[in-house]
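Inside the fold
What follows is the residue order along each chain.
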Amino acid sequence: MSSTVLGVSDLRIYYYTLTGIVRAVDGVSLSLSEGEALGIAGESGSGKSTLGYGVLGLIPPPGRIVRGSVVIDGVDITKLKPAELRKIRWSKVSMVFQGAMNALNPVYTVGHQLSEPLILHKGLSVKESLAVAAEMVKKVGLTPDILRRYPHELSGGMKQRVMIAMALLLRPRVVIADEPTTALDVVIQAQIMNLFKELRQSERNAMIFITHDLSIIAEIADKTGVMYAGKIAELGLSETVFGNPLHPYTQGLLRSIPRLRAKEKITWIPGVPPDLRIPPPGCRFHPRCPYAMDVCRSEEPPEIEVERGHVVSCWLYVKR
Ligand SMILES: Nc1ncnc2c1ncn2[C@@H]1O[C@H](COP(=O)(O)OP(=O)(O)O)[C@@H](O)[C@H]1O
Ligand code: SF4
Ligand SMILES: [Mg+2]
């Protein structure tokens, strides 16, 4: 029996900027069970990274969680004090940040950086923590001699593996990977994707895989969520979302994936995502949607469960 490890309910995260309030995540709900992988897709600026920060409980200023809950293993982390949050971060939930491989500290060895969380969170000695770190780097396909090396001695792919090892080190229940392959060349991308697949089998964490590239999600995720302008447009099992895309935005995204020998023309959705300080009323996708009706321009579409576990926010599926 799989149990629910992560439950996000009506999460709203806004950035309070000098030029207005950016509604980056605006009413997102989802849940994940042990060992399950959820892919989050959507164009740049749709709120994917901000959703990741929300699940991690680390919103960069001037951002703030204004509503909703993030329940990890029965605990609503939006209610925790900063010190309590620090305790669960990396041990219950961790994140491989977008562009993370450049975040390694250049003045410390990999071993130093990997052993530090083990010393702080688990109270291990330096020797014990280095032994655990050595096991973990082997898991991500590196040799333990890397522990003596400095970040500048490593390739991009090696650094990304170190960051993945860091995220997994304390055996968190939920791991978020934000565009973990974007900065890498295609061969290394494929290696990192294979690594994630192996780790899913061996570690059984719940995983959120964030990417603008739907073909990556098709490869790894059990469930797929498509984000548009701070909201989930469609969410369901990957095979149903890919096999029977319901939301016009998902349909447009899928048509825009180049396929080898595909007969149909690749088309891109015309227009650009809205400014999240002044999102369009009604359905946020209506200015770009070929099916937009009057109701779409004034009323927000409700979430409709069209088939079991396959939810879409679109007026086309509301029986009226
Ligand atoms: N620190 C910040 N301050 C103000 N606005 C931000 C900040 N970070 C992100 N945003 C805005 O929030 C929205 C969502 O951004 P983000 O979560 O990074 O999207 P994605 O990861 O899908 O590209 C965008 O409009 C972006 O400009
Ligand atoms: S609610 Fe209306 S505008 Fe929005 S995606 Fe559906 S049909 Fe298009
Ligand atoms: Mg991002």
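What comes next concerns the included structure. Nothing here was measured: the structure is a model prediction, and the numbers come from that model. (Residues numbered from 1 in each chain as written. Chains lettered and ligands numbered in written order. Predicted model: local features only at pLDDT ≥ 70, side-chain atom pairs only at ≥ 80, totals over all residues. Heavy atoms only, no water.)

**Comments concerning the nonpolar core**
- If you look at the biggest cluster of nonpolar residues, it comprises 96 residues, and the most contacted ones within it are Leu6, Leu30, Ile40, Leu114, Ile164 and Ile208.
- Looking at this core, you find at least three residues from each of domain 1 (4-92 + 175-265) and domain 2 (95-171).
- Apart from the residues within four sequence positions on either side, Leu114 is in contact with Ala133, Val137, Leu147, Val162, Ala165, Met166 and Leu169. (Core = buried A, V, L, I, M, F, W, Y, C linked by side-chain atoms within 4.5 Å. Buried < 20%, exposed > 50% of the residue type's maximum accessible area, 1.4 Å probe, protein only. Domains from an automatic or database assignment. Contact = heavy atoms within 4.5 Å.)

**Points about the coordination of the magnesium ion (ligand 3)**
- Within the protein, the magnesium ion (ligand 3) binds to Ser49 (OG) and Gln98 (OE1); these donor distances fall in the range 2.1 to 2.3 Å. A residue pair is termed long-range when its members are at least 10 positions apart, and Ser49 in helix 1 (residues 48-56) and Gln98 in the loop between strand 6 (93-96) and helix 3 (110-122) qualify at 49 residues.
- The buried category is assigned to Ser49, whose relative accessible area is 16%.
- Here Gln98 falls in the partly exposed class, since its relative accessible area comes to 46%. (Donors = N, O, S within 2.8 Å, 3.2 Å for Na, K, Ca; no water. Helix = DSSP H or I, 4+ residues; strand = E, 2+ residues; numbered from the N terminus.)

**Topic: the pairing of strand 12 (residues 310-313)**
- Pairing analysis gives 2 bridges linking strand 10 (residues 231-237) to strand 12, with the strands arranged antiparallel. In the sheet register, Leu235 faces strand 12, and the bridge partner there is Val311. (Pairing = 2+ DSSP bridges.)

**As for the pattern of salt bridges**
- Applying the stated criterion across every chain, the model contains 19 salt bridges.
- Residues Asp26 and Arg284 are paired through a salt bridge, measuring 2.5 Å at the closest nitrogen-oxygen approach. Taken together, the positions of Asp26 in strand 2 (residues 20-33) and Arg284 in the loop between helix 9 (248-255) and helix 10 (294-298) put the pair 258 residues apart, joining distant regions of the chain. Residues Asp26 and Arg284 agree in their burial class; the two are buried.
- Across the salt bridge formed by Arg200 and Asp222, the nearest N and O atoms sit 2.8 Å from each other. Taken together, the residues Arg200 in helix 6 (residues 186-203) and Asp222 in the loop between helix 7 (214-220) and strand 9 (223-228) connect sequence positions 22 residues apart. (Salt bridge = Lys/Arg side-chain N within 4 Å of Asp/Glu carboxyl O.)

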